[in-house]
Amino acid sequence: MTTDTRSTHNKATDNSAASGQPQALSGIRVLDLSRVLAGPWASQILGDFGADIIKIEQPGKGDDTRVWGPPFRGDDAEQVAAYYLSCNRNKRSLALDIASPEGADIVRQLARHSDIVIENFKVGGLKKYGLDYDSLRAENPGLIYCSVTGFGQDGPYAGRGGYDFLIQAMGGLMSVTGPAEGEPGSEPTKVGVAVSDLFTGLYATIAIQAALRHREHSGEGQHIDCALLDSTVAILANQSMNYLVGGKTPTRMGNAHPNVVPYRPFAVADGHIVVAVGNDRQFCALCKLLGRDDLSQDPRFKDNAGRLQHRGALESQLELELAERQRDEILAQMIQHGVPGGPINTIEQVFADPHVQARELLQAMPDGHGGTLPLTRFPAKLSRTPASIRQPPPQLGEHSDELLRERLGLDAAQIAKLRQQGVLG
């Protein structure tokens with residue numbers, strides 16, 4: 001088998017040319033050995049900015065999330081779960097049995113001319129195939145190798161598997177999420193999306209870009225150890241600092257804020273609204289529009305520390321004032337008076353919101369089967385090198401032949417032999 005070099009990079013896969021706009025990571029090659037969410041979330045972001053992503057998947061099975069449904073999309077022959085579609089755009093799929101000597105050898109050859117490897121196997125799980133960091137960097141010293149695990153590469157829990165729900169529990173997030181003790185439905189509650197996975201994917205992306213910057217100056221690659229537990233502890237933010245500084249363990253408070261009052265939902269005559277007062281000026285404006293200047297002049301409520309101390313007394317008065325108001329009317333008044341607040345939308349209402357539509361967060365692209373696929377774009381807008389959606393999430397092994405021809409120079413007979421041996425899906 002022969003390998004390619006940078007000078008023979010196929011222009012058909014140059015994402016800068018494909019999108020018609022400069023791409024910040026165009027020319028960067030990523031070998032993605034990860035599955036489920038945290039690793040694929042990181043590689044999807046890199047792909048949005050133009051990196052060329054090869055997603056290595058198990059033949060006949062693929063990424064676990066391909067079957068995490070319903071809902072599914074596609075016909076009976078090629079059904080794929082919506083979950084998978086959420087985190088695998090801008091990638092090409094190579095169905096390869098890395099447990100076979102031939103499959104592992106193909107991965108090594110691909111890694112030889114890759115910039116980044118992302119994997120989320122258990123600690124040491126790839127060493128037996130010669131696909132660990134030390135093995136791959138021996139042939140590619142500039143390789144950036146990002147390992148995503150539940151608990152990291154060392155420590156007493158390193159050998160354990162980690163899943164988002166488990167990590168939200170162990171990382172303290174569930175202890176501050178959900179109704180307060182003694183209230184109806186009171187129990188530790190997970191967040192409605194897999195935030196430990198998602199934040200780990202974001203931290204992995206940040207670390208990878210920092211490693212790319214370091215390599216620009218030094219030529220050195222490095223190993224990135226990214227753990228779900230570490231990321232979850234990091235995002236405790238003010239809750240962890242409240243404990244570290246104040247010495248009191250935070251507890252579940254429902255929708256109440258531990259540091260700011262009033263900052264929670266309130267019932268109105270035809271539903272609920274959120275009031276998010278962040279400073280004394282906004283509090284005074286809220287009191288004025290409610291016709292309750294007496295509250296802002298009350299010594300107990302004049303500053304946030306007092307409002308926090310006397311939360312119950314203040315919020316009971318606000319509850320009475322807001323209970324008779326109509327949602328749209330009070331929200332319009334809040335906007336007029338500069339008081340932050342808003343409705344509590346369902347996801348259907350989110351996508352129907354005129355501001356969300358104006359921001360073009362939802363983008364439709366051809367799905368390769370005569371239809372269109374709705375996808376949410378990368379949220380930040382860059383004026384010079386914007387992210388873009390260029391390819392729909394791939395079918396399992398959709399690009400296997402293409403990638404082996406392009407990257408390794410294999411001919412049809414060699415590819416057929418690998419497929420016959422069960423190495424290639």
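Predicted, not measured: the structure shown is a model, and the values here were computed from it.

So, how was this worked out
- Residues numbered from 1 in each chain as written.
- Predicted model: local features only at pLDDT ≥ 70, side-chain atom pairs only at ≥ 80, totals over all residues.
- Heavy atoms only, no water.
- Pairing = 2+ DSSP bridges.
- Helix = DSSP H or I, 4+ residues; strand = E, 2+ residues; numbered from the N terminus.
- Axes fitted to C-alpha atoms, helices over the stretch in contact; angles between N-to-C directions.
- Contact = heavy atoms within 4.5 Å.
- Salt bridge = Lys/Arg side-chain N within 4 Å of Asp/Glu carboxyl O.
- Buried < 20%, exposed > 50% of the residue type's maximum accessible area, 1.4 Å probe, protein only.
- Core = buried A, V, L, I, M, F, W, Y, C linked by side-chain atoms within 4.5 Å.

1. Quick look at the sheet that holds strand E11 (residues 341-343)
Strands belonging to one sheet form pairs held by backbone hydrogen bonds; the direction of such a pair is parallel or antiparallel.
Reasoning step 1: Strand order in the open sheet formed by 3 strands is E9-E10-E11, with antiparallel pairing between adjacent strands. For this open sheet the edge positions go to strand E9 (263-268) and E11, each flanked by a neighbour on one side alone. On average, each strand axis in the sheet is tilted by 25 degrees relative to the strand beside it, whichever way the strands run.
Reasoning step 2: Strand direction decides the pairing type here: strand E10 (residues 271-276) and E11, joined by 3 bridges, are antiparallel. Across the sheet, the residue bridging to Val274 is Gly342, located in E11.
Reasoning step 3: Across the sheet, helix H13 (residues 311-323) lies against E9 and E10, angled at about 40 degrees from E9, the strand it touches most.

2. Description of the pattern of salt bridges
Reasoning step 1: Under the counting rule described, the total for this entry stands at 25 salt bridges.
Reasoning step 2: Residues Glu216 and Arg213 are paired through a salt bridge, measuring 2.9 Å at the closest nitrogen-oxygen approach. With Glu216 and Arg213 both in helix H7 (residues 195-218), this residue pair falls 3 residues apart, about one helical turn.
Reasoning step 3: A relative accessible area of 58% means that Glu216 is categorised as exposed.
Reasoning step 4: With a closest N to O distance of 2.8 Å, Arg292 and Asp294 form a salt bridge.
Reasoning step 5: By relative accessible area, Arg292 is classed as buried at 14%.
Reasoning step 6: The class of Asp294 is partly exposed, set by a relative accessible area of 41%.

3. Details of the nonpolar core
Reasoning step 1: Of all hydrophobic cores here, the largest spans 28 residues; its most connected members are Ile56, Leu94, Leu96 and Leu404.
Reasoning step 2: At the level of secondary structure, the elements contributing two or more residues to this core comprise strand E2 (52-57), helix H4 (101-112), helix H5 (133-137), helix H17 (400-408) and helix H18 (412-420).
Reasoning step 3: Broken down by element, the residue count for this core peaks at 5 residues, all from H4.
Reasoning step 4: Among residues more than four places away in sequence, those in contact with Leu96 are Ile56, Glu57, Gln58, Pro59, Gly103, Ile106, Val107, Val423 and Leu424.

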